[in-house]
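Each chain is listed here by its residues.
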Amino acid sequence: MRVALLGCGTVGSEVVRLLHEQAADLTARIGAPLELAGVAVRRLDRTREHVAPELLTTDAMGLVTREDVDIVVEVIGGIEPARSLLLAAMKSGKSVVTANKALLAEDGETIFGAAREYGADLYYEAAVAGAIPLLRPLRESLVGDHVKRVIGIVNGTTNYILDRMDSCGASFSDALEEAQELGYAEADPTADVEGFDAAAKAAILAQLAFHTPVSAADVHREGITEVSAADVAGAKAMDSVVKLLAICERVPDPEGRNNGGRGVSVRVYPAMIPRSHPLASVREAYNAVFVEAESAGSLMFYGAGAGGAPTASAVLGDLVAVARNRVGGTRGPVEVTYAELPVLPMGETITRYYIQLDVADRSGVLAQIAELFARHDVSIQAVRQEGYGEDAQLVIVTHRAPDAALAATVEGLRRLDIVREVSSVMRVEADEIA
């Protein structure tokens, strides 16, 4: 099996290393040797370890359409030229392995459609959670089940930052700087800290779990740049932690008219979860994802979600799978989006809020606030006062309600004369907080 590799950066160079070091084992597992046919790079003036100079080329399109290439592995990222290269590869009969979450989240329907049209294998385990085997269970192991919810931590950079804020009392900026020094965060961390990376992964997970078209643009996205020390302290007081969560869930039809559900909700935002929840114990730059299915129950997938070697491991796993298929004359699973469920707006999502208020310490304050909540049909689960006089603060945790109603309640609180400041607002997820 002759392999064309697009990109030879952190992940690509690890793929090449593993191909050389595990050559004999890979041959035994596949039933045929894997041979590197060429490596497409942007510049030829750099030495690439394990890659013979004659294999390097800047003509990526020429490489993916060569007749002697069987499998194309893409690890360059971005939308273009990756999209054009993968479409050309599948059109010319190649199997494809990609780690490109941005492309699959933005234009997955085009890529999946090409795989169906040209009968090509398309594997992309490395696109979501590095070395964690997550997509294949959704594509294959759970394909006979009814997935209800996927919730997890899918970005190691933000998890590291929030973990340091919780465990060491670090500020956001100090934790980010530390993450950059350790190589967890890029020089420009926007994609991570603003939630774009997690949103792309959430779109891919939702599409697989619910068999319905979901793009990154459909995902409600909030990052962690506004998470403050007060938010982290508030979570601690509730015996909780703050995590950036990707949440994909099927929303039931209350009238039972549609067995598939009324729609799907897909969102990414920082939220409080109780320390008793398994996701709360996910530390540093690790990832973890819960999948809740009707028959299988709750399943948890945990491990290294990024990095050259872990991501290359997932790429090699896909490479072995597609090579086996070609040797055996078979195909892997093909994505189908038969359900066509609508992605519901964030305002219709049912969630809970934690709200911290600086209030005037005088009689009648709680009654006015309770009346405002009742006006928006939001029920209060717990309330407590901290401090007195000028230092008086009110902490409120709501029951579940539509996000639009909760947001309107917060806006109403900001307009009350008795509320000096709404100092913290954060969603609450997972188990109930007592």
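Here, every reference points to the structure presented above.
Each chain carries its own residue numbering, running from 1 in the written order of its sequence. Predicted model: local features are reported for residues with pLDDT of at least 70 only, side-chain atom pairs are reported and counted for 80 or more only, and whole-chain, interface and lining totals are derived from all residues. Working from all heavy atoms in the structure, the side-chain values ignore hydrogens and water.

## Looking at helix α14 (residues 365–375)
Helical periodicity: at 3.6 residues per turn, an α-helix aligns residues three or four positions apart in one direction. So the rule is basically this: Buried residues are those whose accessible area, probed at 1.4 Å on protein chains only, stays under 20% of the maximum for their type, while exposed residues exceed 50% and partly exposed ones sit between those limits. Strands here mean DSSP runs of E at least two residues long; helices mean DSSP runs of H or I at least four residues long; both are numbered from the N terminus. What the arc covers is the set of directions going from the helix axis to the C-beta atoms. Contacts between residues were defined by any pair of non-hydrogen atoms, one from each residue, lying within 4.5 Å.
Three or more residues of α14 are buried, namely Val365, Ile369, Leu372 and Phe373. Along the axis of α14, the buried positions cluster into a sector of 100 degrees, meaning they face one direction only. Opposite the buried face of α14, by more than 90 degrees, sit the exposed residues Ala367, Ala374 and Arg375. Contacts from the buried residues of α14 go to β13 (350–359), β14 (380–386), β15 (393–398) and α15 (403–415). Just downstream of α14 lies aspartate 377, where phi reads positive at about 60 degrees.

## Some details on the environment of valine 51
In this structure, valine 51 sits in the loop between β2 (35–40) and β3 (56–57). Taking relative accessible area as the criterion, valine 51 reaches 8% and is therefore assigned buried. Expressed as a C-alpha distance, the spacing of valine 51 and leucine 36, which sit 15 residues apart in the sequence, is 8.9 Å. The residues touching valine 51, leaving out its near neighbours within four places in the chain, are Cys8, Val16, Val39 and Leu56.

## Some remarks on the packing of aromatic side chains
Note the threshold: Here is the rule: rings of Phe, Tyr and Trp (six-membered ring for Trp) pair when centre to centre is within 6.5 Å. Planes less than 30 degrees apart are stacked, more than 60 are edge-to-face, and the remainder are tilted. When the NZ atom of lysine or the CZ atom of arginine is within 6 Å of a ring's centre and also within 35 degrees of its normal, the charge is said to sit over that ring.
By the definition in use, this model includes three aromatic pairs. Look at phenylalanine 112 and tyrosine 124: their rings are 5.6 Å apart centre to centre, the planes differ by 40 degrees, and that puts the pair in the tilted class. In this pair, phenylalanine 112 is assigned in helix α5 (residues 101–118) and tyrosine 124 in the loop between β6 (122–123) and α6 (126–129), connecting sequence segments 12 residues apart. The pair phenylalanine 112 / tyrosine 124 is uniform in exposure class, with both members buried. Relative to tyrosine 184, the ring of tyrosine 160 has its centre 5.1 Å away and its plane inclined at 55 degrees; by these criteria the two rings are tilted. Of this pair, tyrosine 160 sits in helix α8 (residues 156–167) while tyrosine 184 sits in the loop between α9 (172–181) and α10 (190–193), and the two are 24 residues apart along the sequence. Since its relative accessible area comes to 3%, tyrosine 160 is described here as buried. Lying across the ring of tyrosine 123, arginine 139 places its NZ or CZ 5.1 Å from the centre.

## Considering the pattern of salt bridges
Heads up, the condition is: In the sections that follow, a salt bridge refers to a side-chain nitrogen of Lys or Arg positioned within 4 Å of a carboxyl oxygen of Asp or Glu.
Taken as a whole and judged by the stated rule, the model has 28 salt bridges. One salt bridge connects aspartate 318 with arginine 136, and the closest N-O pair in it is separated by 2.5 Å. Of this pair, aspartate 318 sits in helix α13 (residues 308–328) while arginine 136 is found in helix α7 (residues 135–141), placing the two residues 182 residues apart along the sequence. Under the relative-accessibility criterion, arginine 136 is labelled partly exposed at 28%. The salt bridge partner of aspartate 166 is arginine 275, with a shortest N-O separation of 2.7 Å. Here the residue aspartate 166 occupies a position in helix α8, and arginine 275 occupies one in the loop between β10 (263–274) and β11 (286–293), the gap between them amounting to 109 residues. What you see here is one network of salt bridges that share partners, running through Arg149, Glu249, Arg267, Glu292 and Glu429.

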